[in-house]
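Notes for the structure review
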Amino acid sequence: ATVLLASSFTVGAAGIDVGLSNTSARFAYLTESGALGYAGADVSYSFFYNNPPGDNMLGARLLVIGNAVGAQRAFQYGFGMQANLGKLNAEGGTHVAAIGVGGTLRYLFPSQNPIGLTVEAFTSPQITSFSGTGNIYNADIRLDLEVIPNTRGYIGYRVMEIEHNDLDTKQSIEDAMVFGVRLSF
């Protein structure tokens, strides 16, 4: 993750993404993997905050992106990894850490102002979870509209759940409608 972070600053930011719900905020710095010697992957670093109860999470994601060919050029897909490190304020403070796998699928509707539908999901099995974390699961679905070139607004739904040995039940960190904007440079 340190190599990914250091190399992304040498390339420059590809963009930022801000997604807000009624009780949470997720800020992401977006870049590409060209500095690593392998173009075609999206790299992002994020900070998630949920209030109440004051849960916070740092994330790093690497997605290898592909585009469908032939008649299905409107599809884009990707597979990759996501690392999470955070603290839940449930039960007096619980630390979580995990590396998950997952992917994204996006359909771009043909129109004058591009409209896209994106579904993303990541999960971390116990074998790649640390600090008592059993599993971190997060999923997003969003509909976005390119307002002007390189600027998309979106509306969607985000779910994030965490299982931890210190908690009696699965902790729902986020289960809400999200509004956001993604700016590309």
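Structure: see above.
Reference entry: report on the structure contained in this document. Just so you know, these numbers come straight off a predicted model, no measurement behind them.

Quick look at the pattern of salt bridges now. Counting across every chain of the model gives eight salt bridges. Two residues, Asp 17 and Arg 182, come together in a salt bridge whose shortest N-O distance is 2.9 Å. Residue Asp 17 is found in strand E1 (residues 15–20), and its partner Arg 182 is found in strand E11 (residues 171–184); the two are separated by 165 residues along the sequence. You can call Asp 17 buried: its relative accessible area is 2%. The closest approach of N and O atoms between Glu 174 and Arg 158, which form a salt bridge, is 3.2 Å. Placement of Glu 174 in strand E11 and of Arg 158 in strand E10 (residues 151–164) is noted, with a sequence separation of 16 residues between them.

According to the stated counting rule, one finds three aromatic pairs in the structure shown. Centroid distance Tyr 107 to Phe 109: 4.8 Å. Interplanar angle 80°. Geometry classified as edge-to-face. The exposure class of Phe 109 is partly exposed, given its relative accessible area of 35%. Ring pairs connect the aromatic residues Phe 75, Tyr 107 and Phe 109, which therefore count as one cluster. Sitting over the ring of Tyr 154, Arg 142 keeps its end group 5.6 Å from the ring centre.

Reading the values: rules and limits
Residues numbered from 1 in each chain as written. Predicted model: local features only at pLDDT ≥ 70, side-chain atom pairs only at ≥ 80, totals over all residues. Heavy atoms only, no water. Salt bridge = Lys/Arg side-chain N within 4 Å of Asp/Glu carboxyl O. Helix = DSSP H or I, 4+ residues; strand = E, 2+ residues; numbered from the N terminus. Buried < 20%, exposed > 50% of the residue type's maximum accessible area, 1.4 Å probe, protein only. Phe/Tyr/Trp six-rings, centres within 6.5 Å; stacked < 30°, edge-to-face > 60°. Lys NZ or Arg CZ within 6 Å of the ring centre and 35° of its normal.

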